[in-house]
Amino acid sequence: MPETKKQPQPLDGIKVIEIGNKISTAYCSKMLADQGAEVVKVEDPRTGKQDRQERILSGEGKPGSLFAYVNCNKFGIKLDVEQQASAKIIEDLVRQADILVEGYTPQTAKDMGIDYHRLRQINPNLIVLSITPFGQTGPYCEYNAYAINISAAAASSLCIGEPGRTPLPLPLSQVHFQSAAMGATAALGAIFAREFTGRGQHIDISESEVWMTHFTGHAVIAFVFHNRRRIRSGHKTQALYPNGIFHCKDGYITLLAMRGEQWKAFLNILGEGKIPEWYSSDERFMKTTFRELNLKYGDELEVMMEKWLTTKTKEEIFQLGRKNHVALAPVKDVREVLEDAHLAYRKYFVEVEDPEVGKVKYPPSALRFSKTPSVIHRPAPKLGEHNEEIYGGWLGYGKTKIEELKSNGVI
Amino acid sequence: MTDLALEGLKVLDFSWVAAGPKMTKYLADFGATVVRLESTKNACTIRVSAPFKDGVRGINRSTYFVGMNTNKYSMALDLKNPKAKEVVHKFAKWADLCVENFTAGKLERLGFGYEDLKKMKPDIIMLRTANQGQTGPHAAHQGFGYHLSGVTGLLHFTGEAGGDPLPLPVAYSDMIAPPFGLAALFAALEYRDRTGKGQMIDVSQLETTIQFLTPGILDYEVNHKETGRKGNLCDSAAPHDAYRCLGKDRWCAITVFTDEQWGAFCRVVGNPVLEEERFRTLLGRKQHEEELNLMVEAWTVNFTAEEVMKRLQEARVPAGVVQNGEDLSNDPQLHHRNYFWDLDHKEIGMYPHLGEPITLSETPPTGRMAAPCLGEHTDYVCREILGMEDYELEGLKMSGVFV
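Given the structure is predicted, the values throughout are model-derived calculations rather than measurements. (Residues numbered from 1 in each chain as written. Chains lettered and ligands numbered in written order. Predicted model: local features only at pLDDT ≥ 70, side-chain atom pairs only at ≥ 80, totals over all residues.)

This part takes up the domain arrangement of chain B. Structurally, chain B comprises domain 1 (10-212 + 337-398) and domain 2 (240-324). The centre of domain 1 of chain B, based on its C-alpha atoms, is set 43 Å off from the matching centre of domain 2 of chain B. (Domains from an automatic or database assignment.)

Okay, the interface of chain A and chain B next. The interface of chain A with chain B comprises 115 residues on the first partner and 115 residues on the second. For the side of chain A that touches chain B, the leading source of residues is helix α9 (residues 207-226) of chain A, giving 17 residues. One ladder, built from 3 bridges, connects strand β12 (residues 367-369) of chain A with strand β6 (residues 200-203) of chain B; its direction is antiparallel. Across the sheet, residue Leu 367 of chain A finds its bridge partner in β6 of chain B, namely Val 203 of chain B. (Contact = placed C-beta atoms within 7 Å. Helix = DSSP H or I, 4+ residues; strand = E, 2+ residues; numbered from the N terminus. Pairing = 2+ DSSP bridges.)

Before going further, it helps to examine the sheet that holds strand β9 (residues 319-321) of chain B. Hydrogen bonds between backbone atoms are what pair the strands of a sheet, whose relative direction is either parallel or antiparallel. All names here are of chain B. Here 3 strands make up an open sheet; going across it, the order is β7-β8-β9 and the pairing antiparallel. Here the strands that pair on one side only, and so sit at the sheet edges, are β7 (240-244) and β9. Between one strand and the next, the sheet's axes are offset by a mean angle of 20°, whatever the strand orientation. Sheet topology note: the strand β8 (residues 251-255)/β9 ladder contains 3 bridges and is antiparallel. The residue bridging Cys 252 from the neighbouring strand is Val 321, located in β9. Helix-sheet contacts for helix α12 (residues 289-300) involve β7 and β8, and the interaxial angle to β7 is about 40°. Strand contacts of helix α13 (residues 305-314): β8 and β9, with the helix running at about 160° to β9, the strand carrying the most contacts. (Axes fitted to C-alpha atoms, helices over the stretch in contact; angles between N-to-C directions.)

A word on the environment of Phe 75 of chain A. Residues and elements named next belong to chain A. For Phe 75, the location among the structural elements is in strand β3 (residues 75-78). A sequence separation of 314 residues divides Phe 75 from Glu 389, and the C-alpha atoms of the two residues are 8.8 Å apart. Ignoring anything within four residues of it in the chain, the contact list for Phe 75 reads Glu 38, Val 39, Val 40, Lys 41, Pro 381, His 386, Glu 389 and Ile 390.

This is the structure we're talking about:
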């Protein structure tokens with residue numbers, strides 16, 4: 001992909017250093033890069049190549065496609081932080097930077113010489129953003145955890161799954177993406193605050209807290225106020241009915257009917273214009289309140305509902321729902337999302353050419369600014385691709401010095 | 001008292017239900033002045049939805065509402081009253097930002113779209129987050145986060161391998177929009193401060209949620225494969241699952257990605273069979289995963305989930321107890337970090353409020369006020385924020401606009 005000329009962007013002039021090999025740190029600084037910040041990704045010359053292909057940073061199958069996505073619009077340099085000579089280089093980088101993003105537990109960050117206490121002495125205006133599973137303080141601060149561990153600890157998993165079977169996480173590392181987005185927000189909030197406090201600060205983001213603040217507040221509220229413990233209940237929700245995911249002809253649909261009149265409207269869809277015979281002729285159903293239907297006859301009703309639903313496609317059911325004011329929606333697979341007419345109208349997916357991955361459709365920055373639209377103007381950097389540009393340009397190191405650092409394996 | 005990060009930032013809040021209020025809650029908790037415009041004539045769905053404190057229905061008693069509306073002022077204002085325009089005009093002149101999350105087109109019909117507000121305040125920044133954005137064939141669809149989980153494809157990935165898709169206990173997309181929206185607001189403020197220009201930001205909840213599904217999308221595009229549902233399984237780790245522990249419905253999620261973690265795991269468990277050659281590499285462990293998982297569970301069932309987590313974490317093996325709401329409210333890590341704020345709500349009383357997951361060392365968020373009762377601050381806002389004189393306030397009151 002050729003580099004395209006940059007349009008004015010909201011974060012022009014903001015300089016960001018990213019150290020780490022996690023989705024949370026990479027996606028966080030990508031969000032800043034998408035709005036115009038100059039982001040320099042620091043990679044380890046020894047393990048960088050492996051980090052790009054392994055574990056959570058690779059898509060499955062062809063390695064590296066997820067890496068390419070979460071690192072577009074960035075510069076990349078090599079730096080071996082374990083070598084002594086790197087301490088001075090980190091100082092030089094940090095003096096230039098507005099924000100440093102890292103994802104190591106506190107002791108490791110300290111060992112690497114990138115802890116806030118040290119960095120603030122070098123640049124008091126610097127904002128250091130640390131994204132860790134359990135935060136910078138407390139008994140779990142040195143604990144390591146991945147997406148399913150955090151989803152579990154933050155009380156999501158217990159509520160997803162079939163009753164009595166294994167609790168399930170949210171898929172595709174959702175926790176790390178969420179934490180990344182909160183990180184970008186917090187970093188910008190701190191930039192805003194810096195304009196009147198006149199100083200930088202340390203931002204401590206606990207991934208498990210991000211998750212519970214957004215998704216499990218209800219579980220705490222249910223316990224604290226109502227002494228209830230929520231558990232998983234398979235494909236339908238416990239309390240309200242008939243809310244759930246049901247089979248249809250070509251897949252699944254979701255149904256949400258929160259009020260009695262919506263249930264009635266849904267029954268009218270099932271009966272194609274009237275309450276179906278099997279329902280209206282059954283006194284048990286007719287005499288039971290909307291709220292009790294699920295508890296008493298949920299399974300029986302579902303069989304009858306699906307008898308009709310499985311004769312109709314997602315799209316047919318969706319359109320009937322629209323017409324009759326019942327909230328019915330399809331469960332789409334990836335192909336259907338990629339082909340979605342509404343997203344196509346809004347020109348959502350953008351096709352880019354990545355040197356490693358080839359031609360691929362990316363979700364772009366989801367933020368649509370009327371005056372400063374965001375663009376993907378640069379593919380993910382190759383390992384150390386911008387060594388000259390950053391060490392020479394940003395830091396003003398001479399050719400000899402750069403060569404020497406290279407030959408010593410520092411950069 | 002320490003400084004607040006967003007002190008002085010003025011926010012006009014038309015938002016309701018979840019995505020918008022969650023966004024403005026962050027702004028308020030970090031110090032912005034947020035005025036929520038509400039009306040008893042069309043009260044926020046969350047205000048009038050169960051669960052209510054003590055099971056007693058009431059517009060100020062929703063326990064979910066109090067969770068999402070700390071530190072905000074509530075101003076009663078009927079947007080359909082002809083006098084509302086005059087009041088909104090004053091707000092627009094005062095505000096830096098305006099946040100709304102109605103179905104696309106609704107504010108325009110009321111006369112408070114971006115173009116209307118821009119006329120009142122040329123450099124206003126307006127953030128709009130509708131289910132599917134402000135434009136396109138589905139923009140006018142009413143919708144719920146619950147559905148977007150399906151429409152985005154997220155549910156396609158949620159569930160056991162070979163099983164049906166399973167619903168999430170939350171309106172997932174409602175909580176993706178807030179961080180994106182906030183990042184956009186700060187970026188727009190930076191831009192305004194440099195150029196003097198405001199703008200409108202369109203955050204589609206459909207589009208923000210799809211961002212987080214990129215691993216699955218890339219798998220389809222690059223590897224031509226629908227990843228689908230895989231439960232707890234992960235191609236690049238084993239063990240990688242939630243395992244049954246001592247007690248009723250108690251579990252611990254354990255993940256082993258690296259050889260180092262595997263070595264540590266074997267030392268903690270102390271079962272010589274695990275040290276056999278067939279389990280030594282990740283490839284081997286994936287091949288014999290079913291057998292492996294049975295052996296892991298044969299160990300975990302002997303201990304409480306907390307004990308399993310502690311033993312493994314101390315050996316640097318990632319693990320997390322599958323917690324419930326009660327566990328969270330007693331969690332030692334959360335209490336150490338003062339995650340819960342003790343707040344006193346006018347009708348609900350004292351309660352532990354879930355604070356913010358972001359700590360800023362110099363300008364931390366604080367819980368200064370519990371969620372407001374509807375219209376609690378109408379007088380205060382009119383006098384102190386909009387600078388109305390008594391006669392003006394009385395005149396507007398007579399018109400019935402403050403309901």
